[in-house]
Structures are given as structure tokens and as C-alpha cells.
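Residue-level listing of the chains:
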Amino acid sequence: MTSSLSRSRSRRAPSHIAVRVAHAVLGGLVAAGWLVLPLAWAGADGSATVARSADVTATDNAAPDDGTTTGDLVPPLVAVGAAGALAAYAYTRRRRRATTRTTPGGDDHGLIPLHELDRQARKLLVDIDDCVRTGTEELRLAAARSAADAAEPYVDALTYAEAELAAAFRLRQHLDESGVGDGDDRGALEEIVARCRDAGRRLDAAAPGFDQLRALERNAAAALESAGTRFRELAARTPAAEATLAGLHERYAPAATLPVAGDVEQAKDRLVFTTLHLNQARQYADRGDSARAAAHLRAAEGAVEQAAVLVNGVTRLAGELASAAARLPRALAAVEGVLETARGLPPTGGTGAAHGHRPDAHHIPDGATPDAVPGAGPDSGADPGADADADSGPGPGPGARVGSREGAAAGVGSAAGSGAGSGELVGQFGRTEALLSGVRHTMAAGPYDPLDVLRRVVEAGAVLSGEGGGDVPDGRAHALLPARCALAGAADFIGTHRGAVGSEARTRLAEAERLLGPEATALSEVRRADELARQARRLAERDVRAYGNPAGGHGGAGAGGAVLGGILLGDGEGPVSYGGPHTRGRRAASFT
């Protein structure tokens, strides 16, 4: 955490330099006063000296004078007083800084308690994440009707805020993994706070100029027309999304459609809210009340954006499920082929699955149950969690491929007697076979979730190849599909429920996004990102359940969903806009 501390200190360095310069200037003034005051005093006494010259002879016989006058004592007294004042000021300032400091080192008296600093860091992460999400949405609307160079300063501000937020989330992830409780953690928390405040200040500073760019108050008509067009497009697409979701329910297991459960209803709710506030914006614009028109227009724009996310989510999931079902036979055949090769067995026709054949039609007799299939029943040694996962899985698709279990048993026996390392091989083979048995059982049982089954096939391949994935053809490519699906679903859910979601879910999502970035190449990173994305979704759902049904204030119909989605502040106080924590709610006063 050395870098964290040095960064925190570097942020405060300019203020320390300014104080030292002030001290030096004050000391110079005191020294100059010491030199000038005797001269000024001597000039003031010049006339008195001339008057006294006539009396010199009268005093020649007097006792010798020591050369000291009252005026000679003034400069030292002034210097001592100035030095005392400076010392008192420095002492007071040091005491005040010591009682309010939050940096590590020195006396711990007056430090912000660690739990309070942790709370501040969590709140700032949520606030800045909301600012970045809102800024991204509104900047996209502004860029569509502005020249690229006009929007560039606000793109730069948002990019800076995103980078600071990403670094803060990375620190938070490290803390969550290690636990908060020592001095090093304090340094990390302080850096999170510093980065978030920097990001917020940058967005706050850009907000006034951004309002000039958008010019909602001056030119609401064009923005109203654009929002109305977008609204009509989404209203027309909503019935199609509803039909698509109904088709997914029929084709796949219920767990396959859980990521978009309720999305169509929420999209309709956002569109109802949009209708109300577009109408109000038009009415205020007709009356010439541009401030209120802009406030209601921003609320409508935010709702339209979220309705689009919800409708697009259903369409995206349908495509991902279809892609997983098409990819599954190739992935399964690849893992089984590697397993057979590792046992020293000739391939048992794995290419059939890869070419879209239905091996289950050849290996599972009509009317047979999965338990009657060798290796798929309760005595197969399968992972007890596999069947539990299967209950949440999947829809139609190619049937399960059942290889020669007798040959497999012979392969395991051969490996077991092969000498050193045989136990490890048997463990790999056994776990891989258990995972594949669970996959076959799930696929033969009826509708299933292709994404979940593909994820388990990837896990079987990773176990077999020791997490490297190099021995399984296209292992990373197979893993990317469910991981990206989980990431997109978690991002959509958090974005459309951000009024209730806390920092923990957002932190997991940020880490998953980092791991799935363009530099991620290892299968282990892809699988870890998949795990974090699903964890983020679970944490976000927990937060939403705890949040309950929000009040909509004076936002009208659909306002509760708008508060839940972060379209409106607090209890429906007003819409959010591009900006930092201090400016994003600037239109709330006009939202009546």
C-alpha cells in the first residue's frame, strides 16, 4: 500500500508548500521591519537632535550616558511579538490538523474510525458509479446532436472519472478479498475516497458547460422530438419482446429465463413514466417555462434509456441461449475426445456430436431413463451438486453423448496401476466424468439451460487440463459465451436498479469487467469473471429485495420504478443529469 500512501500525500503537497511559503514571507517581513524601524525612528527624532545640540556644552560635565533610549527597545519588542504570534499560529494550526487528519502515521488521536472511513468509501463508490452511468447516458444523447469536438471536453471528463472509479473499485475488491482491519487498509480506503472525490470534482466542474452544450432550456423542442421518436420505437418493440420471452419459457428450463424475468413489465412501467413526463415537458414548454420543461424531459429521457436496456436484454438473452445450444455439441465432443485420449483409448465417435448428430438417439434407448444409462445414475460417482444444478437447467438441444463406460472403466484401471501420479490422474478422470455424467443427465431429462450446461462442460474441460484449457480445443471460446452473458445480465440489472444496489455488487461487476477486458487471455480469468458476474447479480438482487418498494414522491405513475432505477433522486425529488455528486441533481428544484 506504499503507492496508496504516497498518492494521498502527493495530493496534499501543494497545500504544505503554500504554508511554508507563507511562513517564509512573514519571516522576511519581520526581518525587514527590524532593519527599517530604527531608521524610521531616527528620522522622527532628527529635529529633537538639533534642538538638543545647544545644550551639549551644558551636559558635558554630566555623567556619561549608556546610549540606550526608549525608542531603541521598539524593534526588538516588535520582533518578539511577531515571532510569538507566528509560533501561536503554527501551534494552533498543527493542533487543528492533528485532530482532523485521516492519514496514517504519527499520533492516531483524532483519526476517523476505520468503520466510518469504510462507510464513506462505500457511499462514494455508489455515488460516483451513479454519476458515471448517468453521464454516459446523457452524453450519448448530447453527442448525437452535437459536433464531435464540442462534446470532447465532457467525454474527457467522463473518461477521467471512469478511470478513477475503476482504480477505486480495484482497491475495494482487494479489501473485500482480504478484509478491512489494519493500517494498510486505512491507506487503501483513503485512496478510494480521494479518487472518488477527484472524479466527482471533475464531473461537477464540467456540468455547467455540458448544460450549455445540450441547451435543453433553450431548445427543448428538438430534444422532445428525439425522445418521442425513441419512445414510439420502444413501445412498438415491447410486444415483440414479450412474445420472445414467452417462446423462451416454452423452449428452455425456467432457470434459463430468470435473468430477464420481469424485464418486459419493468419496461412497460418505464414507458408509462415516460409518457407522463413527455406530456408535462411539452405543456411547460408551451407555457414558456423552460426550466420545468427541461427537468421533466430529463426524467423522460432517463426512463426511455432504461426501457431500451430492458427490452434489448430479452432479445440478447434469446440469441445467447441459441448460440449456447449450437455450441454445446462441439464443446462436449471436444472434452470427451481429450478425456478418451488421456486414457489411451481410441476416440468413440466424438465428431458425431460436433457435426450436429444426436448421439443420445444412438446410445439411449427410447423410454430409458437417465438412471438407466451407465455413468449417469446415482452410482456413477457424479458430483452431488451436478444434479442440483441440472434442476435449474436447460432447454432442448442435442442429446447427451454416452461413450463406452466399460472402456472408460478399463482406462481408469489402467491409469490407476501405472505408477507415480496415477492417483492424480484418476482424480481428474473421475471428476471430469462426474461433470459430464451430470451434463448428459440434464440434457436427457428435458428442457434445460444451454448456458448453464455449457458452463459445466467448460468446467469439466478445465479440470481435465489443469485450468490451462490448452488441451481442450476452443476451451476459452466456449467459456466466453456464458461469461459474457452473465456479465451483460448483471450490468443490465444493476444499471436498471441502481437506486437500490450497493457497493459490493458494483465492485464484483467492475472486477468481472476488468477480467473480461481485451487483455484477458487465460481460461482461468474468463471463468473467474463468470463467477464474479453471477455473484454481482446475486448481491444486487439481495439489495433490491432489502430496498423494498420505493416511494415515488411527486413523480406520478411509474415513479417508484424510476426511483429504483436511479432516474429520480431519493424519494422522487427530481431527475439526475450529467455531473458529479453536487451537480447531478441540479434540476430537482424545477421538478414540480
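Conventions used here
- Residues numbered from 1 in each chain as written.
- Predicted model: local features only at pLDDT ≥ 70, side-chain atom pairs only at ≥ 80, totals over all residues.
- Heavy atoms only, no water.
- Helix = DSSP H or I, 4+ residues; strand = E, 2+ residues; numbered from the N terminus.
- Buried < 20%, exposed > 50% of the residue type's maximum accessible area, 1.4 Å probe, protein only.
- Areas by Shrake-Rupley, 256 points an atom, 1.4 Å probe, with all protein chains shown as cover.
- Axes fitted to C-alpha atoms, helices over the stretch in contact; angles between N-to-C directions.
- Parallel < 35°, antiparallel > 145°, perpendicular 65-115°, else oblique.
- Left-handed = near helix turned anticlockwise from the far one by under 90°.
- Expected span 1.5 Å × (residues − 1).
- Bend = angle between axes of the 7 residues up to and from the residue.
- Disulfide = S-S within 2.5 Å.
- 1 Å grid on protein atoms, 1.4 Å probe; cavity = no way out; pocket = protein on both sides within 12 Å on 5 of 7 lines; lining within 4 Å.
- Points joined across faces, edges and corners; volume = space filled by probe spheres on them.
- Nonpolar A, V, L, I, M, F, W, Y, C, P; charged D, E, K, R; others polar.
- Polar contact = N/O pair within 3.5 Å; in protein donor to acceptor, adjacent residues only side chain to side chain.
- Contact = heavy atoms within 4.5 Å.
- Salt bridge = Lys/Arg side-chain N within 4 Å of Asp/Glu carboxyl O.

Peer 1: How would you sum up the overall build of the chain? Please name residues and give values.
Peer 2: When helices and strands are counted, the chain shows 20 helices and zero strands. Within the chain, the proportion of its 592 residues that are buried is 45%. A total accessible area of about 28,000 Å² is found for the chain, and carbon and sulfur atoms account for 57% of it.

Peer 1: So, the packing of helix α9 (residues 263-287) against helix α10 (residues 290-342): which residues are in play, and what are the values?
Peer 2: The contact between α9 and α10 brings their axes to 8 Å, and the two run at 160°. Between α9 and α10, the angle is such that the two are roughly antiparallel. When the axes of α9 and α10 are compared, the crossing they make is left-handed.

Peer 1: Lay out helix α8 (residues 220-251) in plain terms, naming residues and giving numbers.
Peer 2: Between its first and last C-alpha, α8 extends 46 Å over 32 residues, near the 46 Å set by a 1.5 Å rise per residue. Along its length, α8 reaches its greatest deviation from straightness, about 30°, at Thr238, and the proline Pro239 lies no more than four positions downstream.

Peer 1: Kindly report on the environment of Arg172, identifying the contributing residues and their values.
Peer 2: In this structure, Arg172 sits in helix α6 (residues 148-178). Assessed through its relative accessible area of 0%, Arg172 is described here as buried. It is 7.8 Å that separates the C-alpha atoms of Arg172 and Leu189, two residues lying 17 residues apart in sequence.

Peer 1: Which residues make up the state of the cysteines, and what values go with them?
Peer 2: Applying the stated criterion to the full structure yields zero disulfides. There is no disulfide at Cys131, and the cysteine sulfur nearest it, in Cys196, is 10.0 Å away. For Cys131, a relative accessible area of 1% gives the class buried.

Peer 1: Could you give an account of empty space enclosed by the protein, naming the residues involved and the relevant values?
Peer 2: Overall, the coordinates contain five cavities of 30 Å³ or more when judged by the stated rule. Space inside the largest cavity adds up to approximately 90 Å³. In terms of lining, the largest cavity is formed by 13 residues, of which the most central are Pro259, Asp263, Gly489, Asp492 and Phe493. If you list the elements that add at least two residues to the lining of the largest cavity, you get α10 and α17 (475-496). Tallied by class, residues from the lining of the largest cavity come to five nonpolar, four polar and four charged.

Peer 1: Break down helix α16 (residues 450-464) for me, citing the residues and quoting the values.
Peer 2: Between its first and last C-alpha, α16 extends 21 Å over 15 residues, near the 21 Å set by a 1.5 Å rise per residue. Where burial is concerned, most of α16 is hidden: 14 out of the 15 residues are buried. For α16, the N-terminal cap is Asp449; the gap from its side-chain oxygen to the backbone nitrogen of Leu451 is 3.0 Å. Count one or two residues on from α16 and you reach Gly466, which has phi positive near 65°.

Peer 1: Break down the side chain of Thr507 for me, citing the residues and quoting the values.
Peer 2: Among the secondary structure elements, Thr507 is positioned in helix α18 (residues 503-515). The class for Thr507 is buried, based on a relative accessible area of 0%. If sequence neighbours within four positions are ignored, Thr507 has contacts with Leu125, Phe169, Arg172, Gln173 and Asp176.

Peer 1: A description of the layout of surface pockets should follow, citing residues and the corresponding values.
Peer 2: Its volume calculated, the second largest pocket comes out at about 600 Å³. Every residue lining the second largest pocket is counted, 25 residues in all, and those nearest its centre are Asp129, Val132, Arg133, Leu509 and Glu513. Of all the elements in the fold, those that place two or more residues in the lining of the second largest pocket are α5 (114-144), α6, α10, α17 and α18. Grouping the constituent residues of the lining of the second largest pocket by class yields eight nonpolar, four polar and 13 charged.

Peer 1: Describe the pattern of salt bridges, with residues and values.
Peer 2: For the structure shown, the criterion picks out 43 salt bridges. Across the salt bridge formed by Arg140 and Glu305, the nearest N and O atoms sit 3.0 Å from each other. Of this pair, Arg140 sits in helix α5 while Glu305 sits in helix α10, placing them 165 residues apart in sequence. Among the residues examined, Glu305 registers a relative accessible area of 12% and is labelled buried. Linking Glu504 and Arg542 is a salt bridge whose minimum nitrogen-to-oxygen distance equals 3.5 Å. Of this pair, Glu504 sits in helix α18 while Arg542 sits in helix α19 (residues 523-547), and the two are 38 residues apart along the sequence. By relative accessible area, which is 37% here, Arg542 ends up partly exposed. One connected set of salt bridges, linked through shared partners, spans Asp118, Arg122, Arg172, Asp176, Glu504, Arg508, Arg542 and Asp543.

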